[in-house]
Amino acid sequence: MSDNVTFGDGVKKALHLGGTLLAVTAVTGLILGFVQYFTSIAIERAELAAKNEALKLIMPAAQNFDDYEAKADDFVAEVKKASDSSGIVGWCVTVNSKGYGGLVNFVVGIMKDGSVKAINILNHSETPGLGAKSTEPEFYEQFNDKNTLPLKVVKGAASNPDEISAISGATITSNAVTDGVNAAVDYWSRNLKGAE
């Protein structure tokens, strides 16, 4: 007995195998596409929730945070008007400032009088144990209720109201955050002061 495999049988097997492989690849691609889509939605929601939490932390008296069209600026990425039932409380200015490892993205709360209420670091690529300490209260709380502006970074303990004590070993990050705060206040004085 001999196997009578014809050329046509080989083609049929190849087409069947190719069709199966195509179907498996298409289904896998669709599944990966759905996973990516729903994951990106979850990530966006988490980022929005974190941003809203940051806004409430730096401007606790506000009940509403409304988008405000920001003019083009090197530092300022976004502006939100913070208000309560009686009107405007202040402004939440999101800035991007060049740190040691990349951009430091944070929100600056600016009161109606131009003083800094607080800041909240959203994202950064700074060195763990050094520049990453910008997210620790010992550093960022130095910006709370600052009204002597512009601010400057000093090594060692800050002794004047316009001074921010640098993070040890992370002067570039300290300057990046301070420069971003100064830029936000400058933006406020040029574009938002007196706006409603």
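Here, the structure is the one placed above.
Model, not experiment: these values are computed from the prediction.

Let us now look at the overall build of the chain. Secondary structure assignment for the chain yields 3 helices and 7 strands. A compact globule built from 196 residues would reach a C-alpha radius of gyration of about 16 Å, whereas the chain, at 27 Å, exceeds it by more than 25%. Once the C-alpha set of the chain is aligned to its principal axes, its extents read approximately 100 × 45 × 25 Å. Here the chain, with 196 residues, has 35% of them falling under the buried criterion. Of the contacts made within the chain by residues no fewer than 6 positions apart, 46% connect residues no fewer than 24 positions apart.

Further remarks concern the nonpolar core. Counting 27 residues, the largest nonpolar core has Val93, Phe106, Val108 and Ile119 as its most contacted members. Where this core is concerned, the elements lending two or more residues are strand S2 (76–84), strand S3 (87–98), strand S4 (103–111), strand S5 (116–123) and helix H3 (171–192). When residues of this core are assigned to their parent elements, the largest contribution, 7 residues, is made by H3. When near neighbours in sequence (up to four residues on either side) are disregarded, valine 93 contacts Val76, Glu78, Val79, Phe106, Val107, Val108, Ile110, Ala184 and Leu192. Counting 10 residues, the second-largest nonpolar core is a separate cluster that includes Met59, Ala62, Val89 and Val107.

Moving on, we come to the pattern of salt bridges. Scanning all chains against the criterion turns up 7 salt bridges. Residue glutamate 78 is joined to lysine 51 by a salt bridge in which the shortest nitrogen-to-oxygen separation is 2.3 Å. On the criterion of sequence distance, the pair formed by glutamate 78 in strand S2 and lysine 51 in helix H1 (residues 7–58) is long-range, its members being 27 residues apart. Residue class for lysine 51 comes out buried when judged on its relative accessible area of 16%.

Once that is clear, we can look at the environment of glutamate 47. Relative to the elements of secondary structure, glutamate 47 occurs in helix H1. Residues glutamate 47 and glycine 169, 122 residues apart in the sequence, show an inter-C-alpha distance of 29 Å.

Turning to the side chain of serine 134, a few remarks are in order. Take serine 134: it is sitting in the loop between S5 and helix H2 (137–140). Residue class for serine 134 comes out buried when judged on its relative accessible area of 0%. Once residues within four sequence positions are removed from consideration, serine 134 is found in contact with Ile121, Phe139, Tyr140, Ile167, Thr173 and Val177.

What counts and what doesn't
Residues numbered from 1 in each chain as written. Predicted model: local features only at pLDDT ≥ 70, side-chain atom pairs only at ≥ 80, totals over all residues. Heavy atoms only, no water. Helix = DSSP H or I, 4+ residues; strand = E, 2+ residues; numbered from the N terminus. Rg over C-alpha atoms; globule rule 2.2 N^0.38 Å. Buried < 20%, exposed > 50% of the residue type's maximum accessible area, 1.4 Å probe, protein only. Contact = heavy atoms within 4.5 Å. Core = buried A, V, L, I, M, F, W, Y, C linked by side-chain atoms within 4.5 Å. Salt bridge = Lys/Arg side-chain N within 4 Å of Asp/Glu carboxyl O.

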